[in-house]
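# Structure assessment
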Amino acid sequence: MRLKQGSFLWYLYLDKIYCLLSVRNVKALAEYFHILDVHGKNTLNDVLFYHFLHHVTDLKKAQINIVFDMLDWNAVGEIGFEKFYMLVCMLLAHQNHLEGQFMYRHSRPVFDLLDLKGDLRIGAKNFEIYRFLFNIQKQELKDLFHDFDITGDNRLNYQEFKLYTIIYIDKLQKRQKTEEKEKGERKRSLYSKCHIKQIQAERVSWKKMESESTEREH
């Protein structure tokens, strides 16, 4: 899933730590929502929702319908600004490769969205349907339920899901630190090599100058 370049969402900035929009961006998004709300009901029905996501993302019609059904969990046929805002943050997190950070920072709302039946459990099948929103691969999903389904019922309660997000973000931060360290080491190594080459070039230059000076003296 990708945002279409040049669309309205393309120009919004998502805070990388809290995965939320700034106050200015929220105001701009609210104005955008009211423009989309052609019926003036402070909601978007499934038709308006489809045209919005079709315009700003490369999602297919079936995927858009799946997302709408997830947000419209009480089946009223429309969504308000609160859910619209959460969806936008989710899309921006996906675009900026912050899906894990988003789930960690907003674990309760995400869990509630994925808990379609309202029984305080997330089933593997439900998670499979929506994994494209969080860029979770099939094997990752299998590992998730294998490692964190402590009760062994092939479903995750909130505590199990929250534990997954904590460990996921911890591993991510460690990997990022390792990558930054390796990047720094490569830079230092490259600098050292360049510095050595520069010294060698200067030595050759001085030797050449010294040789030319000696020849002139003779």
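Residues numbered from 1 in each chain as written. Predicted model: local features only at pLDDT ≥ 70, side-chain atom pairs only at ≥ 80, totals over all residues. Heavy atoms only, no water.

### A word on unusual backbone geometry
The test is simple: Note on conventions: DSSP H or I runs of at least 4 residues are helices, E runs of at least 2 residues are strands, and numbering of each starts at the N terminus. Only protein chains enter the accessibility calculation, which uses a 1.4 Å probe; a residue is then buried when its area is under 20% of its type maximum, exposed when over 50%, and partly exposed in between.
Even without being glycine, A75 reaches a positive phi, approximately 55 degrees. Assignment of secondary structure puts A75 in the loop between α3 (61-71) and β2 (78-79). A relative accessible area of 64% places A75 in the exposed class. Unlike most non-glycine residues, H97 shows phi in positive territory, near 60 degrees. According to the relative accessible area criterion, H97 is exposed, its value standing at 63%.

### Observations concerning the nonpolar core
Our working definition: Put simply, buried Ala, Val, Leu, Ile, Met, Phe, Trp, Tyr and Cys residues joined by side-chain atoms within 4.5 Å make one nonpolar core. In this description, contact between two residues means that some pair of their heavy atoms is separated by no more than 4.5 Å.
Core analysis: the largest hydrophobic core is formed by 55 residues, its most contacted members being F52, L53, F84 and F127. For this core, the element with the most residues is helix α4 (residues 81-95), which contributes 10 residues. With sequence-adjacent residues up to four places away left out, F52 is seen in contact with L9, Y32, L36, F84, L87 and V88.

### A look at the state of the cysteines
Our working rule: Note that a disulfide, as used here, is simply two cysteine sulfur atoms within 2.5 Å.
Scanning all chains against the criterion turns up zero disulfides. Of the cysteine sulfurs around C19, a residue in no disulfide, the closest is that of C89, at 8.0 Å. You can call C89 buried: its relative accessible area is 2%.

### Points about helix α6 (residues 107-114)
This is how it is decided: Arc definition: directions from the helix axis to the C-beta atoms.
Listed in full, the buried residues belonging to α6 are S107, V110, F111, L113 and L114. Projection of α6 onto a plane perpendicular to its axis shows the buried side chains occupying an angular sector of 160 degrees, all on one side.

### A few points about the confidence of the model for the protein chain
Spelled out, the test is: Per residue, pLDDT captures the predictor's confidence, and it can take any value from 0 to 100.
Per-residue pLDDT for the protein chain has a mean of 87; in total, 84% of the residues score no lower than 70. Element-level mean pLDDT values for the protein chain span from 73 in helix α9 (residues 158-217) up to 97 in strand β1 (residues 44-45).

### Things to note about the packing of helix α2 (residues 46-56) against α3
Defined as follows: Every angle, taken between N-to-C directions, lies between 0 and 180 degrees, and every axis is a line fitted to C-alpha atoms, over only the stretch in contact when it is a helix. The labels follow the angle: roughly parallel below 35 degrees, roughly antiparallel above 145, roughly perpendicular from 65 to 115, and oblique for the rest. Definitions for this section: a left-handed crossing has its near helix turned counterclockwise from the far helix by less than a right angle. A right-handed crossing has that turn clockwise. Classification used: nonpolar for Ala, Val, Leu, Ile, Met, Phe, Trp, Tyr, Cys and Pro, charged for Asp, Glu, Lys and Arg, polar for all others including Gly.
Two numbers describe how α2 lies on α3: the axes approach to 10 Å, and their chain directions differ by 125 degrees. When the axes of α2 and α3 are compared, the pair comes out oblique. Two packed elements cross with a definite hand, and for α2 against α3 that hand is right-handed. The residues of α3 that touch α2, namely those facing D46, F49, Y50, L53 and H54, are K61, I64, V67, F68 and L71. Considered class by class, the residues forming the contact of α2 with α3 number seven nonpolar, one polar and two charged.

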